[in-house]
Amino acid sequence: LRLATSTAGFNTGLIFDWLVLGKLLKDEDYTALRKNEPRRAKEALELCTQLGPTFIKLGQALSIRTDLVPEMYALELRQLQDAVPPFSSDEAREVLKQELGVSDLNQIFETLSEEPVASASIGQVYRGTLKDGTDVAVKVQRPGILAEIALDLHVLRLLTPIQTRLQNMANGLDTDPADIEQGVALVDEWGRGFVAETDYRLEATNTIQFEEAMRKRNLDAVCAPTVVESLVRDKVLATEWVEGTRLDRDASPDVPRLCGVAINAYLTMLLDTGVLHCDPHPGNLLRTTDGKLCILDWGMTLAVPDDLQYALLEFIAHINTEDYDSIPQDFINLGFSPEDVSLERLQNSGITEGLSFAFRQLSQGGGPKKMQERVKEEFQDIYGADLTDMELRDAARADMLERMEAQLESEGVDVKGVTNVMEEMSRRNRELFALPPYVLYVARAFSTLEGIGLSIDEDYAIVQECYPYLAGRLFTDKSPRAKSALRAMLGLSDESQTMVQTSGDISPGLAVVKAGANGESSEKSLSPKKLLEMTDNFASYTAATATVDRDGEGRTAAAKEFAKLILDKDGSTLQEILVEEAAKLGDAATRNFLRQALVESAFAKNVASTLRAPKDALERSEQLSSLFPDDLKKAIIERPADFPRLVDELLHTTSEDEKLLSTASELQEALGGRLENTSVRSAMAENLSDGASIIPSIPDISPGLRSIASDTETRKFVLEQLSNVPSLGRRVGAGLFRRAAYRAMNSPVLPEEARKQLSEVNNRVADAIEPAASTKEDA
């Protein structure tokens, strides 16, 4: 009743402006609605504060989404981020005394501000100084907050069925009980997180664990306040005071970098630490005076299990590489689809086309506002540039209905017997898809971060900002699922798809070698473009998150991490893949060189012609042929004549060889464009009569690289890592000999005994070069 009474005036005015003065009077610009926006925005702010903490949270979430709500509303609602009307300081002090077990706060605090310095939906913050001189922020919980939240959530549960029916009615759909159940489940999940936010002991634990996790991962550009553990109670939480400015209000030139740091930090939480901060509104993100990102308010978090983390990694990798055939399984792994749904049904549902379209739009950035503009342009290209917005929507709707009918017909449904095609599709989609509760938190967190990014750059693309973290994670995570995701990102086949049947004494890793050696491998090969793109992203991630980047410290940290990634004796996922690819390339290049020398060169062709000449002569003259006994003829004429053919077959170029050599050429070309110093060549060529053709390419040492090379500590670190190069060389060499062994064993032209001997010799050489290789792979 209170909710209906409080919002009646606002809702009536809004509907009147939109429906009567806009729709009915056919004012397409909605002049009255826009004119009344300042007043309505102030009313919306007042309503949020009156209706309590739940609606304050909703207002906070909308306050930075100018792409979803009018800017005037967003500006007013931003006051909710750290300026919610406070409760009485006298009440707050009584709570403090009771929770801390003292009769006089002077027993603990040297000073404590008379009024709160910030007020939020759950509690408010005072600034104080402890007896030991520590500057602290003291958070005090609002009295009776749990009762208010419980009432708000009860009201939302009552309103959810009504809202669901109205929404479906507006879309011309009937309401299924499952729709209401899903809506109520989302409200319940939101309520769970909201209630957890009142547990200050849990918030203290979350804050401490986040800080420890970031230090463990060397993400020194992001931090959380230091908890004063002796002052943590059920309704009181004290942390050391953090000097800083809200990220969205700071004018420092490094704010865009810190936005990237924020994305990397949240991806680390989501996909690594497994505890996601779910309340990242701008009031909780500070730029500290020393240039770090500080994340406040750890009350609302989401636990993300390992299996879900890897499912998300795989999904992102498949989306990035446009491997849409893998998306249906990803949907099941992520909980978007029930486990008993067949992959074929998901594939036929059109989900891959929809995701492809959405990913293309998200990658271009600009948020929903610019996405809407691009979609309109695409619709105009498809349906006609002269159509009005309403006509475009009708045309798109008709096209969608036609596609739905075609899909139903493909599934054997009599479309003529279906009274409402959209309702039938909606029913089927309910069987195929569901919205797991965790999506609510993930969407809220990243929606907020996108809003901050868009406030700084209107073309901000959050999808692009995720790739640096993804590269850093996949390059270093040694788990099988992460390696599989990295292989997908690099354009390579999953190892599990290239396995072949082998005897029990052959390791899976060597089985893959055998498949490649026989030309049985998948058509997929390493993408140089993706490799360089991910390498750049890794450097960007490391430089941005490892330090505040004063005097090039970020670049130095990136150089160290990359050297460790490639050369470290303990290895990495990227190192393993590069060693594997280097062995494959070395094998292909060696065979190509030998083929050119022993088969395709003019000398080789002359030798082959000379060896075949006696046989050709005998074949032309039966009289001459009869002079030689069969055994002698076979030994001195037929076998030498057949030798070039045997060499040709032994060194034949497989499809995999061709792909590897093509990849090497692409990589050389891509790297050449980065390293070639054309300006130096041009300058030298001007002083030579025959131009620059005789001048080799000279690496262009950029100021950044010179700075890194001149850093004594970095140079020493890289030189230490270089000591592992011989070990990497041995691994590549062992891989070459193992490939040679399998090629010999499976050669169609060598006698069985020769195959066995050649294979055994090559395997022995490989084991001598890298004795522990087999054991390591079997493990």
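Report follows, based on the coordinates. (Residues numbered from 1 in each chain as written. Predicted model: local features only at pLDDT ≥ 70, side-chain atom pairs only at ≥ 80, totals over all residues. Heavy atoms only, no water.)

### Re the pattern of salt bridges
Throughout the structure, instances matching the rule amount to 38 salt bridges. Between Lys139 and Glu203 there is a salt bridge, with its nearest N and O atoms 2.7 Å apart. On the criterion of sequence distance, the pair formed by Lys139 in strand S4 (residues 135–141) and Glu203 in helix H9 (residues 200–216) is long-range, its members being 64 residues apart. By relative accessible area, Lys139 is classed as buried at 15%. Salt-bridge contacts for Arg487 lead to Glu580; the nearest nitrogen and oxygen are separated by 3.3 Å. Separated by 93 residues along the polypeptide, Arg487 in helix H20 (residues 480–489) and Glu580 in helix H24 (residues 573–600) bring together distant segments of the chain. Of the two residues, Arg487 and Glu580, neither departs from the other in class, the shared state being buried. Members of the salt-bridge network, linked through shared partners, are Glu581, Lys584, Asp587, Arg591, Glu656, Asp657, Arg739 and Arg743. (Salt bridge = Lys/Arg side-chain N within 4 Å of Asp/Glu carboxyl O. Helix = DSSP H or I, 4+ residues; strand = E, 2+ residues; numbered from the N terminus. Buried < 20%, exposed > 50% of the residue type's maximum accessible area, 1.4 Å probe, protein only.)

### Focus on the side chain of Arg591
For Arg591, the position within the fold is in helix H24. When its relative accessible area of 8% is taken as the criterion, Arg591 is described as buried. Of the polar contacts made by the side chain of Arg591, one reaches the backbone oxygen of His652; its length is 2.4 Å. (Polar contact = N/O pair within 3.5 Å; in protein donor to acceptor, adjacent residues only side chain to side chain.)

### Notes on the sheet that holds strand S8 (residues 244–246)
The mixed open sheet is built from 4 strands, whose spatial order is S5-S11-S10-S8. Both edges of this open sheet fall to strand S5 (222–223) and S8, since each of them pairs with a single strand only. Looking at chain direction, S5 and strand S11 (residues 293–295) are connected through 2 bridges and run parallel. Across the sheet, Cys223 pairs through a bridge with Cys294, a residue of S11. Each of S5, strand S10 (285–288) and S11 touches helix H10 (residues 255–273); the most contacted strand, S11, lies at about 45 degrees to it. (Pairing = 2+ DSSP bridges. Contact = heavy atoms within 4.5 Å. Axes fitted to C-alpha atoms, helices over the stretch in contact; angles between N-to-C directions.)

### Points about helix H6 (residues 89–100)
Look at H6: 16 Å from first C-alpha to last across 12 residues, which is about the 16 Å you get at 1.5 Å a residue. Listed in full, the buried residues belonging to H6 are Ser89, Ala92, Arg93, Val95, Leu96, Glu99 and Leu100. Looking down the long axis of H6, one finds its buried residues gathered within 155 degrees of arc, a one-sided arrangement. Set apart from the buried face of H6 by more than 90 degrees, the exposed residues are Asp90 and Gln98. Of the surrounding elements, those touching the buried residues of H6 are strand S1 (109–112), strand S3 (123–130), S4, strand S6 (227–232) and strand S7 (236–240). Just beyond H6, the residue with positive phi is Gly101, at close to 70 degrees. (Expected span 1.5 Å × (residues − 1). Arc of directions from axis to C-beta.)

### Section: a negative patch on the surface
Residues Asp616, Glu619, Asp630, Asp631 and Glu638 make up a contiguous surface patch of negative charge. Put simply, the parts of the chain that give the negative patch at least two residues each are helix H25 (602–620) and helix H27 (630–650). Inspection of the secondary structure puts Glu638 in helix H27. (Patch = residues over 30% accessible without salt bridge, like charges linked within 9 Å, V, L, I, M, F, W, Y side chains within 5 Å. Areas by Shrake-Rupley, 256 points an atom, 1.4 Å probe, with all protein chains shown as cover. Lys, Arg positive; Asp, Glu negative; His and termini not counted. Charge placed at Lys NZ, Arg CZ, Asp CG, Glu CD.)

### Some points on H27
In the structure, H27 departs most strongly from a straight axis at Glu638, where the bend amounts to approximately 35 degrees and where the proline Pro640 lies between one and four residues downstream. Among the residues of H27, Lys633, Ile637, Ala641, Pro644 and Val647 are the ones counted as buried. Those residues of H27 that are buried lie in contact with H24, H25 and helix H26 (622–625). (Bend = angle between axes of the 7 residues up to and from the residue.)

### Some details on unusual backbone geometry
A positive phi angle, near 60 degrees, is found at Asn218, a position not held by glycine. Along the chain, the position of Asn218 falls in the loop between H9 and S5. The exposure class of Asn218 is partly exposed, given its relative accessible area of 46%. Even without being a glycine, Asp297 presents a positive backbone phi close to 60 degrees. Checked against the element boundaries, Asp297 lands in the loop between S11 and strand S12 (301–303). A relative accessible area of 16% places Asp297 in the buried class.

### Brief notes about the environment of Phe593
Residue placement: Phe593 occurs in helix H24. For the pair formed by Phe593 and Leu651, sequence separation is 58 residues and the distance between their alpha carbons is 9.7 Å.

### A short note on the pairing of S4
Burial analysis of S4 places 6 of its 7 residues in the buried class, the great majority of the element. Pairing analysis gives 7 bridges linking S3 to S4, with the strands arranged antiparallel. When the sheet's bridge partners are listed, Thr129 is paired in S4 with Asp135. Hairpin connection from S3 to S4: 4 residues lie between these consecutive antiparallel strands, with Gly133 at a positive phi of about 95 degrees. Across 5 bridges, S4 lies against S7 in antiparallel orientation. Note that in S7 the partner of Ala137 across the bridge is Thr239.

### Looking at the environment of Val227
Relative to the helices and strands, Val227 is located in strand S6. Between the alpha carbons of Val227 and Leu237 there is a distance of 8.0 Å; along the sequence they are 10 residues apart. Those residues within four positions of Val227 in sequence are excluded, and the remaining contacts are Ala204, Thr207, Ile208, Val232, Leu237, Ala238 and Thr239.

### Digging into the packing of aromatic side chains
Taken as a whole and judged by the stated rule, the model has 4 aromatic pairs. An angle of 65 degrees between the planes, with centres 5.7 Å apart, marks the rings of Phe379 and Tyr383 as edge-to-face. Taken as a pair, Phe379 and Tyr383 lie in helix H15 (residues 367–383) at a separation of 4 residues, close to a single helical turn. Ring pairing ties together the aromatic residues Phe315, Phe331 and Phe336, which thus form one cluster. Sitting over the face of the ring of Tyr200, Lys139 holds its NZ or CZ atom 5.5 Å from the ring centroid. (Phe/Tyr/Trp six-rings, centres within 6.5 Å; stacked < 30°, edge-to-face > 60°. Lys NZ or Arg CZ within 6 Å of the ring centre and 35° of its normal.)

Keep in mind that these numbers describe shape and distance, not what the molecule does.
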